[in-house]
Amino acid sequence: MYTQALNSSDGDDRFIEDADRAAAFQARIDDDERIEPNDWMPAAYRKTLTRQISQHAHSEIVGMLPEGNWITRAPSLRRKAALLAKVQDECGHGLYLYAAAETLGSSREELVDAMLAGKAKYSSIFNYPTLTWADIGTIGWLVDGAAIMNQIPLCRCSYGPYARAMIRVCKEESFHQRQGFEIMLTLCRGTDEQKAMAQNSLDRWWWPVLMMFGPPDQVSQHSDTSTKWKIKRFSNDELRQKFVDATVPQAQFLGLTIPDPGMKQDAEGHWRYSEIDWTEFKQVLAGNGPCNRDRLAARRKAHDEGAWVRDAAAAYAEKRARRSMAQAAE
Amino acid sequence: MATPNTPLWEVFIRSRNGLAHKHVGSLHAADATLALQAARDIYTRRGEGLSIWVVPSSAITASDPSEKGMMFEPAESKIYRHPTFYDVPEEVGHM
Ligand SMILES: [Fe+2]
Ligand SMILES: [Fe+2]
Ligand SMILES: [Fe+2]
């Protein structure tokens, strides 16, 4: 999902530093207790969560770019106000998540610098371009829809600060999905060209959205420990199937065709999709998606151009602090 | 170049009249004024609050979770501090 890179292994970091403490820790997890920042935790739990939460935060922040692209060109004031509010929410999500990640001991600056240096990942979906206004509808409907599927179980994640951030995020996401679906519905009830624009957008986003859930279960690493630690409660394929089952009837309601001619409903009512092109997914994760370079360049530019604001605020705070010290000394 | 660290603040919001301020999360800001403005933008986009407090995180002293036994056990064994410890005959009615 927003943390797909976790599915790629970078060596075995699951060591046990203290068997007794590790056993007591696992017992707390098994009892559905929440782990809080000052509690003892295995180094690998801390590392996995730091990576997962910071990748999730980077995804929220980079995710502002494809949608931000349409704010000045939204077709009406109503749509512009909604899109602006949505993008602002995504910024808030990024900030809640950075704060949660920091409770594990890394600083905000380290986390952000790792992303700007291209060392930390964010979700593959944000490396696709928003070519038409319909893409704003599709993103809200499907990208936020997929994010909701992933984030609802995270509200019960074993790490307290992450679970609490997710509760706040989930409360805000439903507006995102509904405004996107409303855009799609308006286009689908509009002229032939508008409906064609909606279909074209679905055609381009469908497969990348299914890839958001990460590699298929047979090849996904990290899942076992994450499940044992109650960070992950459903597998990639389970969440993907839930999402597809929820989405097919919505597409039918819109009168749009899902670009998967092989898709069939099975006896239990599940919509079975065709094989996903995982080479495309790997290419995008490796930095070769349509917009990877643009996204990083835009983040770096924003960071560099904001440097004077951070410097000025810090200098002003220091001046004030010095002045009040001097006054106290008088 | 690494970015210099900006101070961390804890944010407390009173959501309605008569309720207490409740911890909602944290944020980074250079000073208290900026922290208040950032808290407004990050934590009250949908009318969540009537009042905000920001406190430098470094000013908080927390109890040690590994000593929670020693810290809180004395309260747990004193069941006579609870009203249900005392028998009042049913005829007496609600008390
Ligand atoms: Fe979000
Ligand atoms: Fe999200
Ligand atoms: Fe969203």
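Here's a quick rundown of the structure. All of these numbers come straight from a predicted model, not from anything done at the bench. (Residues numbered from 1 in each chain as written. Chains lettered and ligands numbered in written order. Predicted model: local features only at pLDDT ≥ 70, side-chain atom pairs only at ≥ 80, totals over all residues. Heavy atoms only, no water.)

## Focus: the overall build of chain A
Part 1: Secondary structure assignment for chain A yields 13 helices and 2 strands.
Part 2: Relative to a compact globule of 330 residues, whose C-alpha radius of gyration would be 20 Å, chain A shows 22 Å and is just as compact.
Part 3: For chain A, the spread of C-alpha atoms along the principal axes amounts to about 75 × 50 × 35 Å.
Part 4: Relative to all contacts within chain A whose residues are 6 or more apart in sequence, the contacts with residues 24 or more apart total 80%.
Part 5: Accessible surface computed for chain A: about 15,500 Å², of which carbon and sulfur atoms make up 55%. (Helix = DSSP H or I, 4+ residues; strand = E, 2+ residues; numbered from the N terminus. Rg over C-alpha atoms; globule rule 2.2 N^0.38 Å. Contact = heavy atoms within 4.5 Å. Areas by Shrake-Rupley, 256 points an atom, 1.4 Å probe, with all protein chains shown as cover.)

## With respect to the coordination of the iron ion (ligand 1)
Residue and element names in this part refer to chain A.
Part 1: Looking at the metal site, the iron ion (ligand 1) is ligated by Glu60 (OE), Glu90 (OE), His93 (ND1) and Glu173 (OE), spaced 2.0 to 2.6 Å from it.
Part 2: Around the iron ion (ligand 1) sit 4 donor atoms, and with donor-metal-donor angles ranging over 85 to 147° the site reads as irregular.
Part 3: Between consecutive donor residues of the iron ion (ligand 1), the sequence gaps follow E-x29-E-x2-H-x79-E.
Part 4: In this model, the iron ion (ligand 1) sits 3.1 Å from the iron ion (ligand 2), the two metals being bridged by Glu60. Within this pair, whereas Glu60 is found in helix α2 (residues 43-62), its partner His93 is found in helix α4 (residues 77-102), the two being separated by 33 residues in sequence. (Donors = N, O, S within 2.8 Å, 3.2 Å for Na, K, Ca; no water. Tetrahedral: all angles 85-135°; square planar, octahedral: opposite > 155°, others 65-115°.)

## Topic: the packing of helix α8 (residues 192-211) of chain A against helix α10 (residues 236-254) of chain A
All names here are of chain A.
Part 1: Orientation of α8 relative to α10, taken along the N-to-C sense of each, is 175°, at an axis distance of 13 Å. Judged by the angle between their axes, α8 and α10 are roughly antiparallel. Between α8 and α10, the contacting residues are Lys195, Trp206, Val209, Leu210 and Met211 on the first element and Arg240, Phe243, Val244, Thr247 and Leu254 on the second.
Part 2: Residue composition of the contact of α8 with α10, by class: 7 nonpolar, 1 polar and 2 charged. (Axes fitted to C-alpha atoms, helices over the stretch in contact; angles between N-to-C directions. Parallel < 35°, antiparallel > 145°, perpendicular 65-115°, else oblique. Nonpolar A, V, L, I, M, F, W, Y, C, P; charged D, E, K, R; others polar.)

## Points about the sheet that holds strand β2 (residues 22-28) of chain B
Each strand in a sheet pairs with another by means of backbone hydrogen bonds, the pair being arranged parallel or else antiparallel.
Residue and element names in this part refer to chain B.
Part 1: Read across the sheet, 3 strands follow the order β2-β1-β3 without closing on themselves; strand pairing throughout is antiparallel. One side of each edge strand has no neighbouring strand; the edge strands of this open sheet are β2 and β3 (51-56). The sheet shows a mean angle of 30° between the axes of neighbouring strands, direction not considered.
Part 2: Relative to β3, strand β1 (residues 8-14) runs antiparallel, the two sharing 6 bridges. Bridge pairing in β3 places Glu10 opposite Val55. (Pairing = 2+ DSSP bridges.)

## A look at the environment of A:Thr279
Residue and element names in this part refer to chain A.
Part 1: Structurally, Thr279 can be placed in helix α11 (residues 278-288).
Part 2: C-alpha separation for the pair Thr279 and Leu111, spaced 168 residues apart in sequence, amounts to 28 Å.
Part 3: A polar contact is formed between the side chain of Thr279 and the side chain of Asp277, at a distance of 2.4 Å. (Polar contact = N/O pair within 3.5 Å; in protein donor to acceptor, adjacent residues only side chain to side chain.)

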